[in-house]
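Overview (structure and organization)
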Amino acid sequence: MKKLYFLVLSLLCCATLAPAQENNIVIKGGHVIDPRNNINAVMDVAIRDGKIVQVAKNIDTKGAIQVVDAKGMYVTPGLIDIHTHVFFGTNLDQTYSNGPNALPPDGFTFRNGVTTIVDAGCAGWRNFEVFKKQTIDRSQTRVLALLNIVGEGMRGGTFEQNIADMDPQKTAEMAKQYPDHVVGIKLAHFNGYDWTPTDRAVEAGKLAGRPVMIDFGGSNPPLPIEELYMKHLRPGDIYTHCFGQLKTREAIVDVETGKVKPFVLEARKKGILFDVGYGGISFAFSQAIPAIKSGFFPNTISTDIHTGSMNNAMKDMLNVMSKFLAMGMDLQSVIRASTWAPAQAIRREELGSLSVGAPADVAILSLLDGKFNVRETGYFGFFDYTGYKIEGKQKFNCEMTIRNGKIVYDLNGIANPVIVTQRPRS
Ligand SMILES: [Zn+2]
């Protein structure tokens, strides 16, 4: 009986694999890195009706609408950036909350292989629906959200210090009302020596059944992070800006000894997730280099992109990933921390892989070699906001991005025929 069941099941599976002539896109000859499925080899990828239908060697291209020549390139799941700021708008005094410090998603994602982003707390329960209507619903990029524990979201100034506007109940209600879009709760920018905002964010997370992301610090002296990890956060909660080194935020690497603090390793065992959240001044090589050298890799690589950080040391997702390569993090781990690991962190496990049946969100990347750099030094330069600079031999470059089964970015016209799907006019 069991055998018969498997026979029927495998016949059904074969039936779901597209005959070559029905494929919309076949990506040929790329080196596929799909950490979820332990694939790290030259393979072809077939896409039909917005889904991945096959990952295998030598997929027939006959009848395919578009064939992509990915020889010499890496084919990965579409990148997932879980710390971005995209509630852009014209309220000029509202910083990241319907204001000028935030960015329109499609303007920076696809040219970096990014297909899913999480807005990290720009909106709170009071203005989430405005954000949804104006940004989430109108972007080709998949936009998810961490709801700010502050009802007004990231409006700057006194708004983000107002404990009276941190309502766990109302925040959780809004999160539950939009389960497809709200993946967690965010606390950021609070600068008092007080645990109340953290506890309210976690309370909202408990009520909504979702993780919290904490952008910690701001008080001087700083609140102890050991207490944060061990007493306030739950397994699966996310500590962003993990390689920051500021006066108002305790660092994870002991500056004197250059070692990751023992309780940080304990926190990781407990299940606390360490997210890069690069940002303007929230990443320092003085923290990241000793951590990476000792084998302490971030769980997730993210940008904290906004109009400030993108023009400073951070720049974009691929630049941040390239920095981790330059520091000695291996290629597989860098890709994992930018695809499958963030999908797991936000509990959206249908994303972040090239599994058959998954949404066809794909990045095709090349690794540029330093010898082609304009200065012909053989190295690329990577600096942080303090001015500290390291050199790396390789740099990621986005060749193509596929979102929901459609090519949305093609740098060098590697698709045949070259057709890029643009956002419909409306
Ligand atoms: Zn941020």
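All values reported here derive from a predicted model rather than from experimental measurement.

Overview of the environment of arginine 347
- Examined against the element boundaries, arginine 347 turns out to sit in the loop between helix 10 (340–345) and strand 15 (362–369).
- Expressed as a C-alpha distance, the spacing of arginine 347 and proline 211, which sit 136 residues apart in the sequence, is 8.7 Å.
- When sequence neighbours within four positions are dropped, the list of residues in contact with arginine 347 reads Gly209, Arg210, Pro211, Pro235 and Gly236.

Description of the coordination of the zinc ion
- For the zinc ion, the full set of protein donor atoms is His83 (NE2), His85 (NE2) and Asp304 (OD), at a range of 2.1 to 2.3 Å.
- Under the relative-accessibility criterion, histidine 85 is labelled buried at 3%.
- A relative accessible area of 7% places aspartate 304 in the buried class.

Some remarks on the pattern of salt bridges
- Taken as a whole, this structure holds twelve salt bridges when the rule is applied.
- When the shortest N-O distance is used, the salt bridge between lysine 261 and glutamate 250 registers 3.0 Å. Here glutamate 250 lies in the loop between strand 11 (238–239) and strand 12 (253–254) and lysine 261 lies in the loop between strand 13 (259–260) and helix 6 (262–270), a separation of eleven residues in the sequence.
- Taken together, the shared-partner salt bridges in this structure form one network comprising Arg142, Asp361 and Arg403.

A closer look at the packing of aromatic side chains
- Scanning all chains against the criterion turns up 15 aromatic pairs.
- Ring plane angle 70 degrees and centroid distance 6.2 Å describe the contact between phenylalanine 128 and phenylalanine 131, whose orientation is recorded as edge-to-face. Separated by three residues within a single helix, phenylalanine 128 and phenylalanine 131 lie in helix 2 (residues 128–136), roughly one turn from each other. As far as the burial class goes, phenylalanine 128 and phenylalanine 131 line up, both buried.
- Considering the side-chain rings of phenylalanine 243 and phenylalanine 283, the 6.3 Å spacing of their centres and the 85 degrees angle between planes classify their relative orientation as edge-to-face. Taken together, the residues phenylalanine 243 in the loop between strand 11 and strand 12 and phenylalanine 283 in the loop between strand 14 (273–274) and helix 7 (285–293) connect sequence positions 40 residues apart.
- Judged by its relative accessible area of 0%, phenylalanine 243 falls in the buried class.
- By relative accessible area, phenylalanine 283 is classed as buried at 0%.
- Three or more aromatic residues link up through ring pairs in this structure, and these residues are Phe243, Tyr278, Phe283, Phe285, Phe324 and Tyr388.

The rules behind each value
Residues numbered from 1 in each chain as written. Predicted model: local features only at pLDDT ≥ 70, side-chain atom pairs only at ≥ 80, totals over all residues. Heavy atoms only, no water. Helix = DSSP H or I, 4+ residues; strand = E, 2+ residues; numbered from the N terminus. Contact = heavy atoms within 4.5 Å. Donors = N, O, S within 2.8 Å, 3.2 Å for Na, K, Ca; no water. Buried < 20%, exposed > 50% of the residue type's maximum accessible area, 1.4 Å probe, protein only. Salt bridge = Lys/Arg side-chain N within 4 Å of Asp/Glu carboxyl O. Phe/Tyr/Trp six-rings, centres within 6.5 Å; stacked < 30°, edge-to-face > 60°.

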